[in-house]
Amino acid sequence: MNKGSKLYEGKAKIIYETKDKNLLIQHFKDDATAFNNLKKAKVEGKGVLNNRISEYILTNLSQCGIKTHLVKRLNMREQLIRKAEIFPVEFIVRNIATGSLTKRLGIPEGTVLEKPLLEYCYKNDQLKDPLISKEHIFSFGWADEKEIKLIDKLTLRINDILTGMFRAIDIKLVDFKIEYGKAWNKDAEKKEIVLADEISPDTCRLWDVKTEKKLDKDRFRKDLGNIIQAYQEVARRLRIMPEETNISEVNFGKTIPIKFKKK
Ligand code: TMP
Ligand code: ASP
């Protein structure tokens, strides 16, 4: 699939057109940003790992019946995706209190929530993605009630699937952010809601079950170091990286070359 012109460049990804008007190419950059672009850096290899981890997660979700925008991974940094009209809303699920929830409401860090907490943010960089309520979504026509009812249901199901997937590799899924869009269905007769964007250590908080070591973008946000090693550890535990790439507590900190299993 040949890359056409650039359609959009975000903080961590670039979207290109293709010859097919319903398909796009999603390119994963090495750029890391936090606090709405205030903090920026290049993390070599991050794009490659996020491409692979997100492909793995979305493929698994799709096998569980969740419709996604992913068609296939094309190469180390790119995926072929269905063109989707993205809802301007970030859907956040929290299982354990941390991050902006603890800052905003004073909930103690690490509090295990009785049930998953759903939050909505308006996707707008200039306004710093403010927290909104469902009523804002309906008032401004960002999605209708039927769409949000379905999205809420899908989001909680995704949380269940991912919580289990990560628990099996000794990782706690603390919280995450997802996005949805509307894409033409297979027969191009109507649009359907699909999971879009990415799910990766950039968009989740992942803690090691035993040590609570952070294996996600908080290592960048909080200057904890060893960002790429943490992402590699997630890929290794998901068995995306070869077994011989042994990133243990002992060598956490060394640079490990990124190798992937052939499909
Ligand atoms: P928060 O605690 O900073 O609100 O983040 C909640 C979750 O959403 C966390 O897993 C990180 C993710 N997230 C993004 O993916 N993109 C963003 O722009 C923000 C603010 C959070
Ligand atoms: N993605 C946001 C930014 O680039 C915030 C974050 O992930 O912390 O600033």
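Residues numbered from 1 in each chain as written. Chains lettered and ligands numbered in written order. Predicted model: local features only at pLDDT ≥ 70, side-chain atom pairs only at ≥ 80, totals over all residues. Heavy atoms only, no water.

## Side note on the site of ligand 2
Put simply, the rule is: Any residue with at least one heavy atom within 4 Å of a molecule or strand is counted as near it. Each polar contact in these results corresponds to two N or O atoms within 3.5 Å; when the atoms are within protein, one needs to be able to donate a hydrogen and the other to accept it, and residues that are neighboring in sequence are counted only if both atoms are side-chain atoms. Residue exposure ignores everything except the shown protein chains as possible cover, and the areas themselves are Shrake-Rupley values with a 1.4 Å probe. Following the grouping adopted for this structure description, the nonpolar residues are Ala, Val, Leu, Ile, Met, Phe, Trp, Tyr, Cys and Pro, the charged ones are Asp, Glu, Lys and Arg, and the polar ones are all others, Gly among them.
Every residue near ligand 2 is listed here: Lys 11, Thr 33, Ala 34, Phe 35, Asn 36, Asn 37, Lys 217 and Arg 221. The separation between an oxygen atom of ligand 2 and a polar main-chain atom of Ala 34 is 3.5 Å. Measuring from an oxygen atom of ligand 2, one finds a side-chain N or O atom of Arg 221 at 2.7 Å. When the free accessible area of ligand 2 is taken as 270 Å², the share hidden by the protein chains comes to 76%. Here the shell around ligand 2 is built from residues that sort into two nonpolar, three polar and three charged.

## Details of the pattern of salt bridges
For clarity, the threshold we go by: By convention in these notes, a salt bridge is any Lys or Arg side-chain nitrogen within 4 Å of a carboxyl oxygen on Asp or Glu. Helix numbers and strand numbers start at the N terminus; a helix is a DSSP run of H or I with at least 4 residues, a strand a run of E with at least 2. Throughout this description, buried means an accessible area under 20% of the type-specific maximum (1.4 Å probe, protein chains only), exposed means over 50%, and partly exposed covers the range between.
Under the counting rule described, the total for this entry stands at 33 salt bridges. In this structure, Lys 13 engages Glu 198 in a salt bridge whose closest nitrogen and oxygen atoms are separated by 2.7 Å. Note that Lys 13 is positioned in strand β2 (residues 13-17) and Glu 198 in the loop between β13 (191-196) and β14 (204-208), a separation of 185 residues in sequence. Classification of Lys 13 as buried rests on a relative accessible area of 11%. Note that Arg 82 and Glu 192 form a salt bridge whose closest N and O atoms lie 2.6 Å from each other.

## Regarding the nonpolar core
Note the cut-off: Grouping buried Ala, Val, Leu, Ile, Met, Phe, Trp, Tyr and Cys residues that are joined through side-chain atoms within 4.5 Å yields what is termed a nonpolar core. Note on contacts: a residue pair is in contact if any heavy atoms of the two residues lie within 4.5 Å.
With 50 residues, the main nonpolar core has Leu 61, Ile 158, Leu 162, Phe 166, Tyr 180 and Ile 199 as its most contacted residues. Examining the composition of this core, we find that eight residues originate from one element, helix α4 (residues 145-167), more than from any other. Non-local contacts of Phe 166, meaning those with residues more than four positions away in its chain, are made with Ile 57, Ile 171, Leu 173, Leu 206 and Val 234. Membership of the second largest hydrophobic core comes to five residues, among which are Ile 14, Tyr 16, Leu 23 and Leu 80.

## Observations regarding the environment of Asp 144
Looking at the secondary structure, you find Asp 144 in the loop between α3 (134-139) and α4. For Asp 144, a relative accessible area of 39% puts it in the partly exposed group. At 3.2 Å, the side chain of Asp 144 forms a polar contact with the backbone nitrogen of Lys 146.

## Quick word on the site of ligand 1
Looking at ligand 1, there are 14 residues lining it, with Arg 94, Ser 100, Asp 175, Lys 177 and Arg 205 nearest. At 2.9 Å, a side-chain N or O of Arg 94 approaches an oxygen atom of ligand 1. In the model, an oxygen atom of ligand 1 is placed 2.6 Å from a nitrogen or oxygen of the Asp 175 side chain. Within the complex, the protein chains bury 80% of what would otherwise be the 450 Å² of accessible surface of ligand 1.

The analysis is restricted to geometry; functional conclusions fall outside its scope.
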